[in-house]
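Reading the structure
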Amino acid sequence: MVHVLRHQPDIELAAMLTTVNEVYQRVAMHAVRVELLQAQADSLRLPLWQILIPSPCPNDVYERAMAEAVGRAVAEGFSHVAFGDLFLEDIRRYREERLAGSGLTPIFPLFGLNTTDLARTMVASGLRARLTCVNPHVLDARFAGRDFDAALLNELPASIDPCGERGEFHTFAYDGPMFTKPIPVESGEVVERDGFVFADLLSTSQSMTR
């Protein structure tokens, strides 16, 4: 999404925003370490806005945290917020409803694209990513920790969206045309927790603790 937005002359990217589990200091759902998230933001040349949420996080707590971030963005002069949603109409509608009247206009630069074509275009364009979370109820746990590449796309069952749009898997991008430099990572321990399988990504440039 960053790569697409940076090729639109009327858009200036000014921040990267994501929710972070404040207990474990990892990206919510993806379980990526905050250290890697910061490295990603640095390579994208974007300030990182962390929205800290508890674990577990009731929806009303999540919505209050998001509302605070929206208020801050408006106060700092932001006019739009971009989401990487691809085809789930209910998710898009939820975002639009929550932002209505807030001062921030939601945009969806990838919405409606063919996800099979998109996945293969991203790989062919040099995007490098790794699967950090897999839903084992729909996708074999052996995919956790693997690179998101042509070989993986060829192995995915036909029932799985190649971009993981229905939550089949989540990824961490570590190289590509949008980055100033690659983020060196390796896959560590694979664990099952809360019904999902997580691959613990580690930086190969410095030592990290759990």
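In this report, the structure presented in the accompanying data block is examined. Bear in mind that the values here come from a model prediction, so they are computed numbers and not experimental data. (Residues numbered from 1 in each chain as written. Predicted model: local features only at pLDDT ≥ 70, side-chain atom pairs only at ≥ 80, totals over all residues. Heavy atoms only, no water.)

Observations regarding the overall build of the chain
What the chain contains, in helices and strands, is six helices and nine strands. For 210 residues, the compact-globule estimate of 2.2 N^0.38 gives 17 Å, and the chain sits close to it at 17 Å. Counting the 210 residues in the chain, one finds 40% classified as buried. The long-range fraction of contacts in the chain, counting pairs at least 24 apart against all pairs at least 6 apart in sequence, stands at 65%. Summing over all exposed atoms, the chain offers an accessible surface of approximately 11,400 Å²; the carbon and sulfur share of this is 51%. With 19 positive and 28 negative side-chain charges, the chain shows a separation of 3 Å between the mean positions of the two kinds. (Helix = DSSP H or I, 4+ residues; strand = E, 2+ residues; numbered from the N terminus. Rg over C-alpha atoms; globule rule 2.2 N^0.38 Å. Buried < 20%, exposed > 50% of the residue type's maximum accessible area, 1.4 Å probe, protein only. Contact = heavy atoms within 4.5 Å. Areas by Shrake-Rupley, 256 points an atom, 1.4 Å probe, with all protein chains shown as cover. Lys, Arg positive; Asp, Glu negative; His and termini not counted. Charge placed at Lys NZ, Arg CZ, Asp CG, Glu CD.)

Some thoughts on the sheet that holds strand β2 (residues 26–27)
Across the sheet, which stays open at both edges, the three strands sit in the order β2-β1-β3 with mixed pairing between neighbours. Two strands close off the open sheet at either side, each with one partner strand: β2 and β3 (48–53). Both strand β1 (residues 16–21) and β3 contribute to a ladder of six bridges, which runs parallel. From the neighbouring strand, L17 faces β3, where its bridge partner is W49. Contacting β1 and β3, helix α3 (residues 59–75) crosses the sheet at an angle of about 155 degrees to β3. (Pairing = 2+ DSSP bridges. Axes fitted to C-alpha atoms, helices over the stretch in contact; angles between N-to-C directions.)

Here's the deal with the packing of α3 against helix α4 (residues 89–99)
The N-to-C vectors of α3 and α4 enclose an angle of 60 degrees; their axes lie 11 Å apart at closest approach. As summarised for this structure, α3 and α4 are arranged oblique, according to the angle between their axes. Crossing of α3 over α4 shows right-handed handedness. Residues N59, Y62, E63 and V70 of α3 form the contact with α4, whose own contacting residues are Y94, R98 and L99. (Parallel < 35°, antiparallel > 145°, perpendicular 65-115°, else oblique. Left-handed = near helix turned anticlockwise from the far one by under 90°.)

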